[in-house]
Amino acid sequence: MSDVRTIDVLVVGLGPAGASAAAAAASRGARVVGIDRKRIPGHPVQCAEFVPALIGQQVPAIDQHRQQRIRAMTTFVEDEPPHLREQFSGVMIERQAFDAALAARAEQAGAEIWFGLSLRGIDPDGTAQLSDGSRISATVIIGADGPRSAVGAAVGIENTVLAETRQMTVPLLMPFEETDIFLSHKLPGGYAWLFPKGDMANLGLGGDPRWRAHFKPLLDDLHAQLAAQGRVGRDILGHTGGAIPSGGMLEPVARMGAALVLLAGDAAGLTNPVTGAGIMSAVISGEMAGEAAAALIAGQTDAVAAYREDLVDMFATSLARAVARREALMRVHDDHRPAPADLRRAWIAFPEYWAA
Ligand SMILES: Cc1cc2nc3c(=O)[nH]c(=O)nc-3n(C[C@H](O)[C@H](O)[C@H](O)COP(=O)(O)OP(=O)(O)OC[C@H]3O[C@@H](n4cnc5c(N)ncnc54)[C@H](O)[C@@H]3O)c2cc1C
(Lines give C-alpha, C1' and ligand atoms only; values in the text may rest on other atoms or scores of the structure.)
Protein backbone atom coordinates (compact mmCIF):
# COMPACT_ATOMS: atom_id res chain seq x y z
CA MET A 1 0.00 0.00 0.00
CA SER A 2 1.29 3.49 -0.86
CA ASP A 3 2.35 6.03 1.75
CA VAL A 4 -0.19 8.58 2.82
CA ARG A 5 0.64 12.15 1.86
CA THR A 6 -0.40 14.79 4.39
CA ILE A 7 -1.70 18.18 3.24
CA ASP A 8 -4.00 20.94 4.54
CA VAL A 9 -6.79 20.97 1.96
CA LEU A 10 -7.87 18.48 -0.69
CA VAL A 11 -10.29 19.96 -3.22
CA VAL A 12 -12.25 17.34 -5.17
CA GLY A 13 -13.60 18.73 -8.45
CA LEU A 14 -12.16 21.74 -10.29
CA GLY A 15 -15.30 23.24 -11.79
CA PRO A 16 -16.27 26.79 -10.76
CA ALA A 17 -16.73 25.80 -7.09
CA GLY A 18 -13.57 23.71 -6.66
CA ALA A 19 -11.25 25.99 -8.62
CA SER A 20 -12.52 28.99 -6.63
CA ALA A 21 -12.05 27.08 -3.37
CA ALA A 22 -8.51 26.01 -4.28
CA ALA A 23 -7.54 29.58 -5.23
CA ALA A 24 -9.01 31.05 -2.04
CA ALA A 25 -7.36 28.49 0.28
CA ALA A 26 -3.95 28.54 -1.45
CA SER A 27 -3.79 32.34 -1.60
CA ARG A 28 -4.23 32.34 2.20
CA GLY A 29 -1.23 30.09 2.67
CA ALA A 30 -2.82 26.63 2.92
CA ARG A 31 -1.14 23.63 1.26
CA VAL A 32 -3.77 22.71 -1.31
CA VAL A 33 -4.13 19.84 -3.76
CA GLY A 34 -6.98 20.05 -6.28
CA ILE A 35 -8.04 17.09 -8.44
CA ASP A 36 -10.54 16.60 -11.24
CA ARG A 37 -11.38 13.48 -13.18
CA LYS A 38 -11.64 15.47 -16.43
CA ARG A 39 -8.54 15.18 -18.58
CA ILE A 40 -9.03 18.62 -20.12
CA PRO A 41 -10.12 21.51 -17.86
CA GLY A 42 -13.78 22.37 -18.46
CA HIS A 43 -14.24 19.73 -21.17
CA PRO A 44 -16.81 18.50 -22.05
CA VAL A 45 -19.07 21.51 -21.43
CA GLN A 46 -22.41 20.61 -19.81
CA CYS A 47 -23.96 24.05 -19.60
CA ALA A 48 -26.16 26.66 -21.29
CA GLU A 49 -23.41 29.21 -20.46
CA PHE A 50 -25.46 32.11 -19.06
CA VAL A 51 -24.22 34.00 -16.01
CA PRO A 52 -25.64 37.14 -14.37
CA ALA A 53 -23.60 40.28 -14.97
CA LEU A 54 -22.96 40.49 -11.21
CA ILE A 55 -20.50 37.60 -11.49
CA GLY A 56 -17.96 40.25 -12.55
CA GLN A 57 -17.58 41.02 -8.82
CA GLN A 58 -16.24 37.48 -8.23
CA VAL A 59 -14.46 36.99 -11.54
CA PRO A 60 -13.10 40.36 -12.70
CA ALA A 61 -11.75 38.83 -15.93
CA ILE A 62 -15.22 37.68 -17.01
CA ASP A 63 -15.08 39.79 -20.20
CA GLN A 64 -12.28 37.58 -21.51
CA HIS A 65 -14.77 34.68 -21.64
CA ARG A 66 -17.72 36.65 -23.00
CA GLN A 67 -19.41 35.33 -26.12
CA GLN A 68 -22.08 38.01 -26.05
CA ARG A 69 -24.05 40.32 -23.78
CA ILE A 70 -27.60 39.57 -22.56
CA ARG A 71 -29.92 42.51 -21.77
CA ALA A 72 -33.36 41.01 -21.19
CA MET A 73 -35.39 37.83 -20.76
CA THR A 74 -38.33 36.87 -22.96
CA THR A 75 -40.70 34.23 -21.60
CA PHE A 76 -43.11 32.30 -23.82
CA VAL A 77 -45.90 30.71 -21.76
CA GLU A 78 -47.64 28.14 -23.94
CA ASP A 79 -49.08 30.06 -26.93
CA GLU A 80 -49.57 33.36 -25.10
CA PRO A 81 -47.90 36.53 -26.42
CA PRO A 82 -44.26 36.72 -25.24
CA HIS A 83 -43.49 38.47 -21.97
CA LEU A 84 -40.41 40.72 -22.01
CA ARG A 85 -38.53 41.38 -18.80
CA GLU A 86 -36.06 44.19 -19.35
CA GLN A 87 -33.12 44.83 -17.07
CA PHE A 88 -32.07 41.21 -16.97
CA SER A 89 -28.41 41.75 -17.43
CA GLY A 90 -26.00 38.91 -18.06
CA VAL A 91 -23.24 37.41 -20.11
CA MET A 92 -23.01 34.32 -22.27
CA ILE A 93 -19.63 32.86 -21.45
CA GLU A 94 -17.40 30.35 -23.14
CA ARG A 95 -17.70 27.84 -20.32
CA GLN A 96 -14.70 25.68 -21.13
CA ALA A 97 -12.36 28.68 -21.20
CA PHE A 98 -14.03 30.05 -18.04
CA ASP A 99 -13.44 26.83 -16.08
CA ALA A 100 -9.89 26.50 -17.41
CA ALA A 101 -9.09 30.09 -16.37
CA LEU A 102 -10.41 29.50 -12.84
CA ALA A 103 -8.24 26.37 -12.53
CA ALA A 104 -5.22 28.34 -13.81
CA ARG A 105 -5.96 31.04 -11.23
CA ALA A 106 -5.90 28.39 -8.48
CA GLU A 107 -2.54 27.11 -9.72
CA GLN A 108 -1.13 30.66 -9.80
CA ALA A 109 -2.31 31.09 -6.22
CA GLY A 110 -0.12 28.14 -5.23
CA ALA A 111 -2.48 25.15 -5.37
CA GLU A 112 -1.19 21.89 -6.82
CA ILE A 113 -3.66 21.05 -9.58
CA TRP A 114 -4.18 17.65 -11.20
CA PHE A 115 -6.53 16.82 -14.06
CA GLY A 116 -7.25 13.21 -15.06
CA LEU A 117 -7.23 12.20 -11.39
CA SER A 118 -10.38 11.06 -9.54
CA LEU A 119 -11.42 10.52 -5.98
CA ARG A 120 -12.14 6.79 -5.59
CA GLY A 121 -13.37 6.94 -2.02
CA ILE A 122 -12.74 8.21 1.49
CA ASP A 123 -11.76 5.75 4.23
CA PRO A 124 -13.57 5.95 7.59
CA ASP A 125 -10.47 7.65 9.06
CA GLY A 126 -10.73 10.43 6.45
CA THR A 127 -7.93 9.27 4.11
CA ALA A 128 -8.78 9.96 0.46
CA GLN A 129 -8.11 7.22 -2.10
CA LEU A 130 -7.26 8.50 -5.57
CA SER A 131 -7.52 6.76 -8.93
CA ASP A 132 -3.72 6.54 -9.38
CA GLY A 133 -3.47 4.51 -6.17
CA SER A 134 -2.15 7.40 -4.07
CA ARG A 135 -3.64 8.32 -0.69
CA ILE A 136 -4.03 11.74 0.85
CA SER A 137 -4.74 12.74 4.41
CA ALA A 138 -6.09 16.30 4.46
CA THR A 139 -7.27 18.37 7.42
CA VAL A 140 -10.11 19.63 5.21
CA ILE A 141 -11.69 17.93 2.20
CA ILE A 142 -13.73 20.29 0.01
CA GLY A 143 -16.34 18.40 -1.98
CA ALA A 144 -16.87 20.46 -5.13
CA ASP A 145 -17.52 17.46 -7.34
CA GLY A 146 -20.86 18.42 -8.77
CA PRO A 147 -24.45 17.20 -8.59
CA ARG A 148 -23.56 13.55 -7.87
CA SER A 149 -20.77 14.30 -5.43
CA ALA A 150 -18.67 11.34 -4.30
CA VAL A 151 -17.50 13.37 -1.30
CA GLY A 152 -21.10 14.08 -0.34
CA ALA A 153 -22.01 10.42 -0.82
CA ALA A 154 -19.13 9.38 1.47
CA VAL A 155 -20.63 11.43 4.32
CA GLY A 156 -24.25 10.60 3.45
CA ILE A 157 -25.19 14.05 2.10
CA GLU A 158 -26.57 13.75 -1.43
CA ASN A 159 -28.79 15.60 -3.88
CA THR A 160 -31.85 13.38 -4.06
CA VAL A 161 -33.90 15.60 -6.40
CA LEU A 162 -32.17 16.07 -9.74
CA ALA A 163 -33.52 17.52 -12.98
CA GLU A 164 -32.22 16.16 -16.24
CA THR A 165 -31.41 18.15 -19.34
CA ARG A 166 -30.82 17.84 -23.05
CA GLN A 167 -29.19 20.57 -25.14
CA MET A 168 -28.08 21.13 -28.71
CA THR A 169 -25.99 23.95 -30.17
CA VAL A 170 -27.46 25.34 -33.37
CA PRO A 171 -26.61 28.13 -35.85
CA LEU A 172 -28.30 31.41 -34.90
CA LEU A 173 -29.69 33.15 -37.99
CA MET A 174 -31.24 36.21 -36.30
CA PRO A 175 -28.94 37.51 -33.55
CA PHE A 176 -30.62 38.84 -30.38
CA GLU A 177 -29.69 39.82 -26.83
CA GLU A 178 -32.29 38.08 -24.70
CA THR A 179 -32.55 34.69 -23.06
CA ASP A 180 -35.69 33.05 -24.46
CA ILE A 181 -37.56 30.83 -22.01
CA PHE A 182 -40.36 28.46 -23.02
CA LEU A 183 -42.81 27.24 -20.36
CA SER A 184 -45.23 24.44 -21.14
CA HIS A 185 -47.42 21.91 -19.39
CA LYS A 186 -45.50 19.33 -21.44
CA LEU A 187 -42.31 19.88 -19.38
CA PRO A 188 -43.00 19.19 -15.70
CA GLY A 189 -40.37 20.54 -13.35
CA GLY A 190 -38.48 22.47 -15.99
CA TYR A 191 -38.46 24.64 -19.10
CA ALA A 192 -36.85 25.02 -22.50
CA TRP A 193 -34.35 27.71 -23.43
CA LEU A 194 -32.74 29.42 -26.41
CA PHE A 195 -29.61 31.31 -25.32
CA PRO A 196 -27.78 33.25 -28.05
CA LYS A 197 -24.00 33.29 -28.40
CA GLY A 198 -23.10 35.31 -31.47
CA ASP A 199 -23.80 33.27 -34.58
CA MET A 200 -24.75 30.19 -32.54
CA ALA A 201 -27.19 29.42 -29.74
CA ASN A 202 -27.73 26.86 -27.00
CA LEU A 203 -31.16 25.31 -27.39
CA GLY A 204 -32.12 22.98 -24.59
CA LEU A 205 -34.62 21.79 -22.08
CA GLY A 206 -34.73 20.16 -18.70
CA GLY A 207 -37.21 18.77 -16.26
CA ASP A 208 -38.26 16.00 -13.97
CA PRO A 209 -36.51 12.74 -15.00
CA ARG A 210 -39.85 10.87 -14.97
CA TRP A 211 -40.66 12.66 -18.26
CA ARG A 212 -37.22 11.88 -19.73
CA ALA A 213 -38.67 9.91 -22.65
CA HIS A 214 -40.38 13.10 -23.91
CA PHE A 215 -37.25 15.25 -23.87
CA LYS A 216 -35.87 14.33 -27.28
CA PRO A 217 -39.14 14.71 -29.24
CA LEU A 218 -39.94 17.97 -27.41
CA LEU A 219 -36.52 19.43 -28.16
CA ASP A 220 -36.67 18.27 -31.78
CA ASP A 221 -40.12 19.92 -32.10
CA LEU A 222 -38.89 23.21 -30.66
CA HIS A 223 -35.85 23.12 -32.94
CA ALA A 224 -38.10 22.51 -35.98
CA GLN A 225 -40.43 25.38 -34.96
CA LEU A 226 -37.57 27.85 -34.49
CA ALA A 227 -35.97 26.73 -37.76
CA ALA A 228 -39.31 27.21 -39.57
CA GLN A 229 -39.44 30.76 -38.13
CA GLY A 230 -35.99 31.39 -39.61
CA ARG A 231 -34.46 32.06 -36.18
CA VAL A 232 -32.05 29.11 -36.10
CA GLY A 233 -30.51 26.77 -38.64
CA ARG A 234 -31.48 23.13 -39.03
CA ASP A 235 -27.93 21.89 -38.41
CA ILE A 236 -26.99 20.57 -35.00
CA LEU A 237 -23.44 21.59 -34.09
CA GLY A 238 -23.22 19.67 -30.80
CA HIS A 239 -25.14 17.94 -28.05
CA THR A 240 -24.80 17.99 -24.29
CA GLY A 241 -26.82 17.44 -21.12
CA GLY A 242 -26.40 16.67 -17.46
CA ALA A 243 -28.03 16.67 -14.07
CA ILE A 244 -29.10 19.74 -12.11
CA PRO A 245 -29.72 19.61 -8.34
CA SER A 246 -33.33 20.69 -7.78
CA GLY A 247 -34.02 19.89 -4.15
CA GLY A 248 -32.40 22.93 -2.54
CA MET A 249 -29.59 23.47 -0.10
CA LEU A 250 -27.93 20.54 1.68
CA GLU A 251 -26.03 20.51 4.97
CA PRO A 252 -22.62 21.79 3.84
CA VAL A 253 -20.45 20.58 6.74
CA ALA A 254 -19.60 17.04 7.90
CA ARG A 255 -16.78 15.03 9.37
CA MET A 256 -15.17 11.83 8.14
CA GLY A 257 -12.66 10.47 10.64
CA ALA A 258 -9.96 13.08 11.08
CA ALA A 259 -11.05 15.10 8.04
CA LEU A 260 -13.47 17.99 8.10
CA VAL A 261 -15.66 17.96 4.97
CA LEU A 262 -17.05 21.14 3.40
CA LEU A 263 -19.39 20.91 0.41
CA ALA A 264 -19.70 23.71 -2.16
CA GLY A 265 -21.51 24.45 -5.43
CA ASP A 266 -23.75 21.75 -6.91
CA ALA A 267 -22.43 19.27 -4.32
CA ALA A 268 -24.06 21.46 -1.65
CA GLY A 269 -27.32 21.76 -3.63
CA LEU A 270 -26.83 25.47 -4.31
CA THR A 271 -28.17 25.44 -7.87
CA ASN A 272 -31.50 27.21 -8.27
CA PRO A 273 -34.17 24.48 -8.61
CA VAL A 274 -36.32 26.67 -10.89
CA THR A 275 -33.78 28.26 -13.22
CA GLY A 276 -31.01 25.64 -12.98
CA ALA A 277 -28.48 28.45 -12.54
CA GLY A 278 -25.53 27.37 -10.42
CA ILE A 279 -22.32 28.88 -11.78
CA MET A 280 -22.46 32.04 -9.67
CA SER A 281 -23.36 30.21 -6.45
CA ALA A 282 -20.61 27.69 -7.18
CA VAL A 283 -17.99 30.44 -7.50
CA ILE A 284 -19.21 32.25 -4.38
CA SER A 285 -19.59 29.16 -2.19
CA GLY A 286 -16.30 27.71 -3.43
CA GLU A 287 -14.48 30.87 -2.49
CA MET A 288 -16.17 30.86 0.92
CA ALA A 289 -15.27 27.19 1.49
CA GLY A 290 -11.64 27.86 0.56
CA GLU A 291 -11.49 30.84 2.90
CA ALA A 292 -13.06 28.83 5.74
CA ALA A 293 -10.63 25.94 5.21
CA ALA A 294 -7.61 28.28 5.30
CA ALA A 295 -8.95 30.04 8.39
CA LEU A 296 -9.43 26.70 10.15
CA ILE A 297 -5.89 25.64 9.28
CA ALA A 298 -4.70 28.98 10.71
CA GLY A 299 -6.43 28.11 14.00
CA GLN A 300 -9.77 29.91 13.68
CA THR A 301 -12.04 27.17 14.97
CA ASP A 302 -15.23 29.18 14.40
CA ALA A 303 -14.56 29.39 10.64
CA VAL A 304 -16.59 26.28 9.90
CA ALA A 305 -19.74 27.39 11.70
CA ALA A 306 -19.33 30.74 9.96
CA TYR A 307 -19.19 28.96 6.57
CA ARG A 308 -22.53 27.27 7.21
CA GLU A 309 -24.11 30.49 8.52
CA ASP A 310 -22.85 32.57 5.62
CA LEU A 311 -24.18 30.05 3.09
CA VAL A 312 -27.57 30.08 4.79
CA ASP A 313 -27.64 33.90 4.86
CA MET A 314 -26.71 34.12 1.21
CA PHE A 315 -28.67 31.31 -0.42
CA ALA A 316 -31.28 29.70 1.84
CA THR A 317 -34.16 32.12 1.28
CA SER A 318 -34.01 32.21 -2.51
CA LEU A 319 -33.47 28.45 -2.75
CA ALA A 320 -36.38 27.77 -0.39
CA ARG A 321 -38.66 29.94 -2.54
CA ALA A 322 -37.56 28.12 -5.69
CA VAL A 323 -38.09 24.70 -4.07
CA ALA A 324 -41.56 25.74 -2.88
CA ARG A 325 -42.57 27.10 -6.32
CA ARG A 326 -41.28 24.01 -8.11
CA GLU A 327 -42.97 21.62 -5.69
CA ALA A 328 -46.29 23.52 -5.89
CA LEU A 329 -46.22 23.29 -9.70
CA MET A 330 -45.35 19.58 -9.55
CA ARG A 331 -48.40 19.03 -7.33
CA VAL A 332 -50.53 20.75 -9.98
CA HIS A 333 -49.00 18.49 -12.66
CA ASP A 334 -49.85 15.45 -10.55
CA ASP A 335 -53.45 16.60 -10.30
CA HIS A 336 -54.32 18.28 -13.61
CA ARG A 337 -52.82 20.07 -16.59
CA PRO A 338 -51.30 23.35 -15.34
CA ALA A 339 -52.85 26.57 -16.64
CA PRO A 340 -50.61 29.42 -17.85
CA ALA A 341 -51.20 31.13 -14.48
CA ASP A 342 -49.71 28.09 -12.69
CA LEU A 343 -46.68 28.19 -14.99
CA ARG A 344 -46.18 31.94 -14.44
CA ARG A 345 -46.25 31.54 -10.66
CA ALA A 346 -43.32 29.14 -10.96
CA TRP A 347 -41.09 31.34 -13.13
CA ILE A 348 -38.81 34.16 -11.94
CA ALA A 349 -39.79 36.69 -14.63
CA PHE A 350 -43.29 37.13 -13.18
CA PRO A 351 -44.29 39.10 -10.06
CA GLU A 352 -46.46 36.13 -8.97
CA TYR A 353 -43.25 34.14 -8.40
CA TRP A 354 -42.00 36.74 -5.91
CA ALA A 355 -45.37 37.30 -4.18
CA ALA A 356 -45.97 35.85 -0.72
C1 LIG B 1 -27.33 21.38 -19.43
C2 LIG B 1 -27.01 22.32 -18.30
C3 LIG B 1 -27.11 23.68 -18.49
C4 LIG B 1 -26.78 24.56 -17.46
N5 LIG B 1 -26.82 25.89 -17.72
C6 LIG B 1 -26.46 26.78 -16.77
C7 LIG B 1 -26.42 28.17 -17.05
O8 LIG B 1 -26.71 28.62 -18.17
N9 LIG B 1 -26.06 29.00 -16.05
C10 LIG B 1 -25.72 28.54 -14.80
O11 LIG B 1 -25.41 29.37 -13.92
N12 LIG B 1 -25.73 27.23 -14.52
C13 LIG B 1 -26.07 26.34 -15.47
N14 LIG B 1 -26.05 25.00 -15.20
C15 LIG B 1 -25.60 24.55 -13.86
C16 LIG B 1 -24.10 24.71 -13.73
O17 LIG B 1 -23.44 24.09 -14.80
C18 LIG B 1 -23.64 24.14 -12.40
O19 LIG B 1 -24.43 24.66 -11.36
C20 LIG B 1 -22.15 24.44 -12.13
O21 LIG B 1 -21.33 23.80 -13.06
C22 LIG B 1 -21.79 23.99 -10.72
O23 LIG B 1 -20.40 24.11 -10.53
P24 LIG B 1 -19.63 23.10 -9.57
O25 LIG B 1 -18.22 23.53 -9.59
O26 LIG B 1 -20.36 22.99 -8.30
O27 LIG B 1 -19.80 21.67 -10.27
P28 LIG B 1 -19.29 21.17 -11.69
O29 LIG B 1 -19.17 22.28 -12.64
O30 LIG B 1 -20.17 20.01 -12.03
O31 LIG B 1 -17.84 20.64 -11.40
C32 LIG B 1 -17.63 19.45 -10.68
C33 LIG B 1 -16.30 18.86 -11.12
O34 LIG B 1 -16.04 17.73 -10.31
C35 LIG B 1 -15.43 16.74 -11.10
N36 LIG B 1 -15.64 15.44 -10.45
C37 LIG B 1 -16.81 14.79 -10.27
N38 LIG B 1 -16.59 13.65 -9.58
C39 LIG B 1 -15.25 13.59 -9.34
C40 LIG B 1 -14.42 12.65 -8.68
N41 LIG B 1 -14.91 11.54 -8.09
N42 LIG B 1 -13.09 12.88 -8.62
C43 LIG B 1 -12.57 14.02 -9.19
N44 LIG B 1 -13.33 14.93 -9.83
C45 LIG B 1 -14.65 14.73 -9.89
C46 LIG B 1 -16.12 16.86 -12.46
O47 LIG B 1 -15.32 16.35 -13.51
C48 LIG B 1 -16.32 18.39 -12.58
O49 LIG B 1 -15.29 19.01 -13.29
C50 LIG B 1 -26.37 24.08 -16.20
C51 LIG B 1 -26.27 22.69 -15.99
C52 LIG B 1 -26.60 21.82 -17.03
C53 LIG B 1 -26.48 20.33 -16.80
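Source: prediction; values computed, not measured.

Caption draft 1: Up close: the overall build of the chain. Within the chain, the secondary structure is distributed over eight helices and 18 strands. Expressed as a percentage of the 356 residues in the chain, the buried residues total 54%. Carbon and sulfur atoms make up 51% of the accessible area of the chain, which totals about 15,600 Å². The chain carries 32 positive and 40 negative side-chain charges, and their two centres are separated by 2 Å.

Caption draft 2: Main features of the site of the ligand. Close to the ligand lie 34 residues; Asp-36, Phe-50, Arg-95, Leu-119 and Asp-266 are nearest. Asp-266 has a polar side-chain atom sitting 2.7 Å from an oxygen atom of the ligand. Relative to its free-state accessible area of 1,000 Å², the ligand is covered by the protein chains to the extent of 92%. Elements with a contribution of two residues or more to the shell around the ligand: helix 1 (16–27), strand 16 (238–245) and helix 5 (279–297). Broken down by element, the shell around the ligand gets its largest block of residues, three residues, from strand 16.

Caption draft 3: Structural context of the pattern of salt bridges. Counting across every chain of the model gives 14 salt bridges. The partner of Asp-63 in a salt bridge is Arg-66, with the nearest N and O atoms 3.7 Å apart. Here Asp-63 falls in the exposed class, since its relative accessible area comes to 52%. The exposure class of Arg-66 is partly exposed, given its relative accessible area of 36%. In this structure, Asp-180 engages Arg-231 in a salt bridge whose closest nitrogen and oxygen atoms are separated by 2.7 Å. Placement of the pair is Asp-180 in strand 13 (residues 178–183) and Arg-231 in the loop between helix 4 (212–228) and strand 16, with a sequence separation of 51 residues. What you see here is one network of salt bridges that share partners, running through Glu-80, Arg-344 and Glu-352.

Caption draft 4: Geometry of the sheet that holds strand 4 (residues 66–70). Spatially, three strands are ordered 3-7-4 in an open sheet, and the strand pairing comes out antiparallel. Of all the strands in the sheet, the pair left with one neighbour each is strand 3 (50–52) and strand 4. Sheet twist, expressed as the average angle between the axes of neighbouring strands with direction ignored, equals 30°. Pairing analysis gives four bridges linking strand 4 to strand 7 (residues 90–93), with the strands arranged antiparallel. The residue of strand 7 that forms the bridge with Ile-70 is Gly-90.

Caption draft 5: Representation of helix 4. Relative to the 24 Å expected for 17 residues at 1.5 Å per residue, helix 4 spans 25 Å between its end C-alpha atoms, a close match to the ideal helical length. Among the residues of helix 4, those classed as buried are Phe-215, Leu-218, Leu-219, Leu-222, His-223, Leu-226 and Ala-227. Angularly, the buried residues of helix 4 cover 170° about the axis, an arc narrow enough to put them on a single face. Facing away from the buried side of helix 4, by more than 90 degrees, are the exposed residues Ala-213 and Ala-228.

Caption draft 6: Here's a closer look at helix 5. Taking 1.5 Å per residue, 19 residues should reach 27 Å; helix 5 reaches 27 Å between its end C-alpha atoms and fits that length. Most of helix 5 is tucked away, with 15 of its 19 residues classed as buried. Just past helix 5, the residue Gly-299 takes up positive phi, approximately 105°.

Caption draft 7: Region of interest: the environment of Pro-41. Counting through the fold element by element, Pro-41 comes out in the loop between strand 2 (32–36) and strand 3. Among the residues examined, Pro-41 registers a relative accessible area of 25% and is labelled partly exposed. For Pro-41, the contacting residues outside a window of four places in its chain are Gln-96, Ala-100 and Phe-115.

Caption draft 8: Examining the pairing of strand 12 (residues 162–171) more closely. Most of strand 12 is tucked away: nine of the ten residues are buried. Where strand 12 lies against strand 16, eight bridges are found, and the strand directions are antiparallel. Bridge assignment links Gln-167 to a residue of strand 16, and that residue is Thr-240. Looking at chain direction, strand 12 and strand 15 (residues 200–207) are connected through eight bridges and run antiparallel.

Caption draft 9: Inspection of the packing of aromatic side chains at higher detail. Tallying each qualifying case throughout the model produces seven aromatic pairs. Each ring, one from Tyr-353 and one from Trp-354, has its centre 4.7 Å from the other, and the planes form 70°; the classification is edge-to-face. Its relative accessible area of 47% is what places Trp-354 among the partly exposed residues. Among the aromatic residues, those joined into a ring-pair cluster are Phe-50, Phe-88, Tyr-191, Trp-193, Phe-195 and Trp-347. The residue whose ring lies beneath Arg-231 is Phe-176, and the NZ or CZ to ring-centre distance is 4.8 Å.

Thresholds applied
- Residues numbered from 1 in each chain as written.
- Predicted model: local features only at pLDDT ≥ 70, side-chain atom pairs only at ≥ 80, totals over all residues.
- Heavy atoms only, no water.
- Helix = DSSP H or I, 4+ residues; strand = E, 2+ residues; numbered from the N terminus.
- Buried < 20%, exposed > 50% of the residue type's maximum accessible area, 1.4 Å probe, protein only.
- Areas by Shrake-Rupley, 256 points an atom, 1.4 Å probe, with all protein chains shown as cover.
- Lys, Arg positive; Asp, Glu negative; His and termini not counted.
- Charge placed at Lys NZ, Arg CZ, Asp CG, Glu CD.
- Near = heavy atom within 4 Å.
- Polar contact = N/O pair within 3.5 Å; in protein donor to acceptor, adjacent residues only side chain to side chain.
- Salt bridge = Lys/Arg side-chain N within 4 Å of Asp/Glu carboxyl O.
- Pairing = 2+ DSSP bridges.
- Axes fitted to C-alpha atoms, helices over the stretch in contact; angles between N-to-C directions.
- Expected span 1.5 Å × (residues − 1).
- Arc of directions from axis to C-beta.
- Contact = heavy atoms within 4.5 Å.
- Phe/Tyr/Trp six-rings, centres within 6.5 Å; stacked < 30°, edge-to-face > 60°.
- Lys NZ or Arg CZ within 6 Å of the ring centre and 35° of its normal.

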